[in-house]
Structures are given as structure tokens and as C-alpha cells.
Amino acid sequence: MTKAVDLRTKSVDELQDQLLQLKKEQFNLRFQRASGQLENTARVGQVRRDIARIKTILGQRETAAPVS
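- As named in an unreviewed UniProt entry, the protein chain is Large ribosomal subunit protein uL29, taken from Nitrospirillum amazonense.
- Its UniProt record gives the protein chain the following Sequence similarities (unreviewed entry) comment, quoted word for word: "Belongs to the universal ribosomal protein uL29 family."

Shown next as C-alpha cells:
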């Protein structure tokens, strides 16, 4: 699980890369759950919340950026 404080220190590119990785992991977890191979069911929720954290921070940065 990633803390919001740690995410705020990263650049937009780093956040987007991490978001892509988490979405891939979420995709793989869905397949594992469907096939009955998922061992750590709590990881699904952790990944979902981490994705939400990153999207929130990216959205905050987008609205805080001056529009020229």
C-alpha cells in the first residue's frame, strides 16, 4: 500500500507509470480471482485504493496548474 505523502513527492510521469503498473496488476488479479488462483484476496482492494489515490493526486495537480 502506498501512502499519499509518498505519492505527492513523485513527478506526474512517475505517477502515470505507477498507475499503469497498478492497472496491469489489477487486470491480472481479476483473472486470478476468476480462475480460483488468487491467494491474497485483500490485494484486490489495496490495488483499487492505490489507483484511486494516484488519480486523486493527478487530478489535484491538474486543477492546481495555472491555465494559460
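Additional details are given in the paragraphs that follow.
1. Some thoughts on the packing of helix α2 (residues 12–35) against helix α3 (residues 42–64)
- Across the interface, α2 lies against α3 with an axial gap of 9 Å and an inter-helix angle of 155 degrees. Relative to α3, the element α2 is oriented roughly antiparallel. Viewed along their axes, α2 and α3 form a crossing whose handedness is left-handed. When α2 is examined against α3, the residues Val12, Leu15, Gln16, Gln18, Leu19, Leu22, Lys23, Glu25, Gln26, Leu29 and Arg33 are found in contact with a partner set consisting of Arg43, Val44, Val47, Arg48, Asp50, Ile51, Ile54, Lys55, Ile57, Leu58 and Arg61.

What counts and how
- Residues numbered from 1 in each chain as written.
- Predicted model: local features only at pLDDT ≥ 70, side-chain atom pairs only at ≥ 80, totals over all residues.
- Heavy atoms only, no water.
- UniProt positions renumbered as here; feature names shortened; annotations may be inferred.
- Axes fitted to C-alpha atoms, helices over the stretch in contact; angles between N-to-C directions.
- Helix = DSSP H or I, 4+ residues; strand = E, 2+ residues; numbered from the N terminus.
- Parallel < 35°, antiparallel > 145°, perpendicular 65-115°, else oblique.
- Left-handed = near helix turned anticlockwise from the far one by under 90°.
- Contact = heavy atoms within 4.5 Å.

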